[in-house]
Amino acid sequence: MKFVQIIDYKTARFDDVNALMDRWVEQTQGKRTTGHAVTGKDRSDSSHYVDIVEFPSYEEAMKNSHLPETDKMFQEMVALCDGMPSFTDLDVVREEQLNAATARRFFHEIAAGGNLDAIGEVFADDYIDHDVANEEDTEVGKQVIRRDLSMWRDAFDFTFELDRQVTQGDDVVTLWTWSGRHKAEFRGIPATGEQCTITGTTIFRFEDGKIKEGWWHMDLMRLMRQLGAL
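The structure reproduced in this document is the subject of the present report.

Calculation notes
- Residues numbered from 1 in each chain as written.
- Predicted model: local features only at pLDDT ≥ 70, side-chain atom pairs only at ≥ 80, totals over all residues.
- Heavy atoms only, no water.
- Helix = DSSP H or I, 4+ residues; strand = E, 2+ residues; numbered from the N terminus.
- Rg over C-alpha atoms; globule rule 2.2 N^0.38 Å.
- Buried < 20%, exposed > 50% of the residue type's maximum accessible area, 1.4 Å probe, protein only.
- Contact = heavy atoms within 4.5 Å.
- Areas by Shrake-Rupley, 256 points an atom, 1.4 Å probe, with all protein chains shown as cover.
- Pairing = 2+ DSSP bridges.
- Axes fitted to C-alpha atoms, helices over the stretch in contact; angles between N-to-C directions.
- Polar contact = N/O pair within 3.5 Å; in protein donor to acceptor, adjacent residues only side chain to side chain.

1. Digging into the overall build of the protein
Turning to step 1, where the next piece is worked out: Helix and strand counts for the protein come out as 7 helices and 10 strands.
Turning to step 2, where the next piece is worked out: Its C-alpha atoms give the protein a radius of gyration of 22 Å, clearly above 17 Å, the size a compact globule of 230 residues would have.
Turning to step 3, where the next piece is worked out: With the principal axes as the frame, the protein shows a C-alpha extent of 70 × 35 × 30 Å.
Turning to step 4, where the next piece is worked out: Counting the 230 residues in the protein, one finds 38% classified as buried.
Turning to step 5, where the next piece is worked out: For the protein, the proportion of contacts with a sequence separation of at least 24, taken over those separated by at least 6, is 62%.
Turning to step 6, where the next piece is worked out: For the protein, the exposed area adds up to about 12,800 Å²; of that, 50% sits on carbon and sulfur atoms.

2. Side note on unusual backbone geometry
Turning to step 1, where the next piece is worked out: Phi is positive for Arg-187, close to 50°, though the residue is something other than glycine.
Turning to step 2, where the next piece is worked out: Of note, Arg-187 is situated in the loop between strand S8 (171–182) and strand S9 (195–207).
Turning to step 3, where the next piece is worked out: Given a relative accessible area of 40%, Arg-187 falls into the partly exposed group.
Turning to step 4, where the next piece is worked out: Of note, the phi angle at Asp-208 is positive, near 55°, even though the residue is not glycine.
Turning to step 5, where the next piece is worked out: Considering the arrangement of structural elements, one finds Asp-208 in the loop between S9 and strand S10 (210–218).
Turning to step 6, where the next piece is worked out: Given the relative accessible area of 57%, Asp-208 is considered exposed.

3. A closer look at the sheet that holds strand S6 (residues 138–140)
Turning to step 1, where the next piece is worked out: Taken in spatial order, the 6 strands line up as S6-S5-S10-S9-S8-S7 in an open sheet, and their pairing is mixed. Pairing within the sheet leaves two strands with one partner each, and these edge strands are S6 and strand S7 (156–168). Mean inter-strand twist for the sheet, computed between neighbouring axes without regard to direction, equals 20°.
Turning to step 2, where the next piece is worked out: Pairing analysis gives 8 bridges linking S9 to S10, with the strands arranged antiparallel. Residue pairing in the sheet places Glu-207 in a bridge with Lys-210 of S10.

4. Things to note about the pairing of strand S5 (residues 123–131)
Turning to step 1, where the next piece is worked out: Pairing analysis gives 5 bridges linking S5 to S10, with the strands arranged parallel. Directly across from Asp-131, in S10, lies its bridge partner Trp-216.
Turning to step 2, where the next piece is worked out: The sheet contact formed by S5 and S6 spans 3 bridges and is antiparallel. Bridge pairing in S6 links His-130 to Thr-138.

5. Some words on the environment of Trp-24
Turning to step 1, where the next piece is worked out: Its place among the elements puts Trp-24 in helix H1 (residues 14–27).
Turning to step 2, where the next piece is worked out: Once the C-alpha coordinates of Trp-24 and Leu-98 are considered, the two residues, 74 residues apart in sequence, prove to be 25 Å apart.
Turning to step 3, where the next piece is worked out: With residues up to four places along the chain from it excluded, the contact list for Trp-24 reads Arg-32, Thr-34, Glu-69, Thr-70 and Met-73.

6. Details of the environment of Asp-8
Turning to step 1, where the next piece is worked out: Tracing the chain through its elements places Asp-8 in strand S1 (residues 3–10).
Turning to step 2, where the next piece is worked out: Within the structure, the side chain of Asp-8 is placed 2.8 Å from the side chain of His-48, a separation counted as a polar contact.

What follows is the structure, given as structure tokens:
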């Protein structure tokens, strides 16, 4: 379960606090596992700040807090604050917008960007894939995503345009436009160099912050026509 920590503090030296946080980020590179972080300033009190920090889990948050760099940073932060900062620990029980952001991360960073190592951060180990374009309509395991993405990335240089995204409960629906240049063999069709465009819809169901199930619908017939196969 994802975990969020809220840090509430007052300071007249926010620039120094900000610089301290930048140093901590640099010093803990490769060690920390913090996710998204936001700092807000109180509109009615310019000395009042709130940090909202996301972690994959409570256990990961504790690992971060036990880093020697974190302990040193906290002591220096206290010296810059007016009084002791307060901490509120939250288990995330609903996260529609975070799920939407994770879905966008899949399309932009993983699929189009090629960061396949991030698949484990986004998809559950027992992910269930439904894709009418595959031989097996239903397959299980996040390795399915790596296999399919590798096939598409080997055959095309492509990007995704996310035209619309709708969230409801644990589901994120994304309507997308895919554009790619055919650079290598794809489903028995030799490279044509054609610039192709298709549209599609993907539904991701999330569980504990990761994609547990996916449904894929795309206009493959249009792609085949553009490749000259039909």
